Amino acid sequence: MIDPDPDFKPLVGVADEIDQGLRRVLAPNPSPMTFRGTNTYLLGTRGIAVIDPGPDDPAHLAALLATLLPGQHISHIIVTHAHLDHSPLSRRLARITGAPVLAFGDALAGRSAIMQQLAASGLVGGGEGVDAAFAPDVITQDGAEIVGDGWRLEVIHTPGHFGNHISLGWNDTLFCGDLVMGWASSLVSPPDGDLSDFMASCRRLRAMPWRRFHPGHGAAIDAPLARLDWLIDHRLSRETAILAALNEGPACSQALAHRIYTTTPAHLMPAATRNVLAHLVDLTFKSAVAPIGPLAASARFAHLKN
Ligand SMILES: [Zn+2]
């Protein structure tokens with residue numbers, strides 16, 4: 001498999017100082033979906049905010065605690081979203097440090113009305129990798145400020161990859177979780193992911209003057225607005241490709257994924273199929289396509305021409 005970013009090879013469990021007052025520690029959970037592993041960020045020089053503690057892994061917990069220098073303590077634990085590679089270690093870290101866990105809400109918070117309906121119908125599956133037990137101590141709303149010792153973060157609700165996903169603005173830098181990554185386009189898998197929300201979140205961030213993004217996986221993004229443009233264009237071209245393929249007759253998400261994602265390795269095809277399903281759900285609610293029978297993960301969809 002081609003390495004999407006051969007230059008990004010941080011050492012697992014070692015704190016890299018990537019900006020003034022900002023360190024990054026890589027968790028030991030590499031995979032096709034997490035790339036080298038989860039990036040945990042430590043912001044501050046006295047009272048430290050831990051952003052995305054990561055998976056519930058004792059080695060990663062020890063690595064995070066080992067970064068603390070004399071006079072430093074963890075004052076805040078902030079979770080971008082309730083996926084198993086981001087949130088679970090927050091519980092043990094909170095118990096050990098006494099710091100509160102801040103997030104937008106539990107694993108169902110921020111889910112769009114359409115995705116609530118689909119989840120209730122049980123027809124679309126999904127839910128893989130969700131930290132269903134996640135329960136923050138403090139709920140942070142869109143527009144809230146989290147103020148620590150020498151740092152300040154602005155909370156921006158950015159659903160799309162996940163309903164309870166927040167991004168955190170720090171001056172002209174954004175901790176963008178899994179909404180935007182440099183090495184891959186983000187997974188949008190219903191009912192946790194919602195493509196209409198994803199596009200709206202990307203467009204909202206695009207209207208702000210960011211200089212750099214720090215993602216949940218992979219290297220920092222130094223041209224974040226160009227990356228957002230690419231992501232938006234990429235999704236629009238996928239939509240065009242899906243509609244073109246449906247012009248040849250109704251098809252299900254799996255068949256469409258195999259027709260459209262021709263260069264994707266086999267082990268990533270399930271994720272590609274979920275991305276296509278996200279488009280089909282979005283197009284259904286835009287009345288551009290319709291499922292034949294009930295709206296379900298396995299349904300065949302037809303292009304509605306007017
Ligand atoms: Zn992740």
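Residues numbered from 1 in each chain as written. Predicted model: local features only at pLDDT ≥ 70, side-chain atom pairs only at ≥ 80, totals over all residues. Heavy atoms only, no water.

**Considering the coordination of the zinc ion**
The cut-off we apply is this: Sodium, potassium and calcium take a 3.2 Å donor cutoff, other metals 2.8 Å, and in both cases only N, O and S atoms count; water is not among them, so sites may look incomplete. Irregular is the default label, applied whenever a site is not tetrahedral (four donors, all angles between 85 and 135 degrees) and neither square planar nor octahedral (four or six donors, opposite donors over 155 degrees apart, all other angles between 65 and 115). By the criteria applied, helices consist of DSSP H or I runs no shorter than four residues and strands consist of E runs no shorter than two, each listed in order from the N terminus. Only protein chains enter the accessibility calculation, which uses a 1.4 Å probe; a residue is then buried when its area is under 20% of its type maximum, exposed when over 50%, and partly exposed in between.
At this site the zinc ion is bound by Asp 85 (OD), His 86 (NE2), Asp 178 (OD) and His 217 (NE2), with donor distances of 2.0 to 2.2 Å. One way to put it: the four donor atoms around the zinc ion meet at angles of 85 to 159°, and that makes the site irregular. Counting residues between consecutive donors of the zinc ion along the chain gives the motif D-H-x91-D-x38-H. Of this pair, His 86 sits in the loop between β5 (73-78) and α2 (89-97) while Asp 178 sits in the loop between β11 (173-177) and α4 (195-206); the two residues are 92 residues apart in sequence, bridging distant segments of the chain. Classification of His 86 by relative accessible area gives buried; the value is 0%. Looking at Asp 178, the relative accessible area reads 4%, which means it is buried.

**Observations concerning the sheet that holds strand β13 (residues 251-252)**
Quick note on the threshold: DSSP bridges decide pairing: two strands pair if at least two such bridges lie between them. Any two residues whose heavy atoms approach within 4.5 Å at even a single point are treated as in contact. With axes taken as lines fitted to C-alpha atoms, and helix axes fitted only over the stretch in contact, angles between N-to-C directions fall between 0 and 180 degrees.
What the three strands build is an open sheet, ordered β13-β15-β14; its pairing is antiparallel. Looking at the sheet topology across the chains shown, the edges are occupied by β13 and β14 (289-291). One ladder, built from three bridges, connects β14 with strand β15 (residues 300-303); its direction is antiparallel. Across the sheet, the residue bridging to Ala 290 is Ala 302, located in β15. On top of the sheet, helix α7 (residues 269-285) reaches β14 and β15; it is set at about 110° to β14, its chief contact.

**Re the domain arrangement of the protein chain**
Cut-off, in case you're wondering: Note that domain bounds follow an automatic or database assignment of domains. Buried area is calculated as the accessible area (1.4 Å probe) missing from two parts once they are joined, with the contributions of both summed. The working definition used for a salt bridge is a side-chain nitrogen of Lys or Arg within 4 Å of a carboxyl oxygen of Asp or Glu. Polar contacts here mean pairs of N or O atoms no more than 3.5 Å apart (in protein, one a potential hydrogen donor and the other a potential acceptor; neighbouring residues in sequence count only if both atoms are side-chain atoms). Classification used: nonpolar for Ala, Val, Leu, Ile, Met, Phe, Trp, Tyr, Cys and Pro, charged for Asp, Glu, Lys and Arg, polar for all others including Gly.
We note that the domain assignment places domain 1 (15-234) and domain 2 (236-303) within the protein chain. Between domain 1 and domain 2, the C-alpha centre-to-centre distance is 28 Å. Taken residue by residue, the interface counts 22 residues in domain 1 and 18 residues in domain 2. Together, the buried faces of domain 1 and domain 2 total about 1,600 Å²; carbon and sulfur atoms form 63% of this surface. It is Leu 123, Leu 195 and His 234 that lose the most area in domain 1 upon contact with domain 2, and together they represent 31% of the buried surface on that side. Linking domain 1 with domain 2 are zero salt bridges, by the criterion used here. In this structure, the connection of domain 1 to domain 2 is made through ten residue pairs in polar contact (both at pLDDT 80 or more). Elements that contribute at least two residues to the side of domain 1 that touches domain 2 include exactly α3 (113-121), α4 and α5 (224-246). At four residues, α4 tops the list of elements feeding residues into the side of domain 1 that touches domain 2. Here the side of domain 1 that touches domain 2 is built from residues that sort into 14 nonpolar, six polar and two charged.

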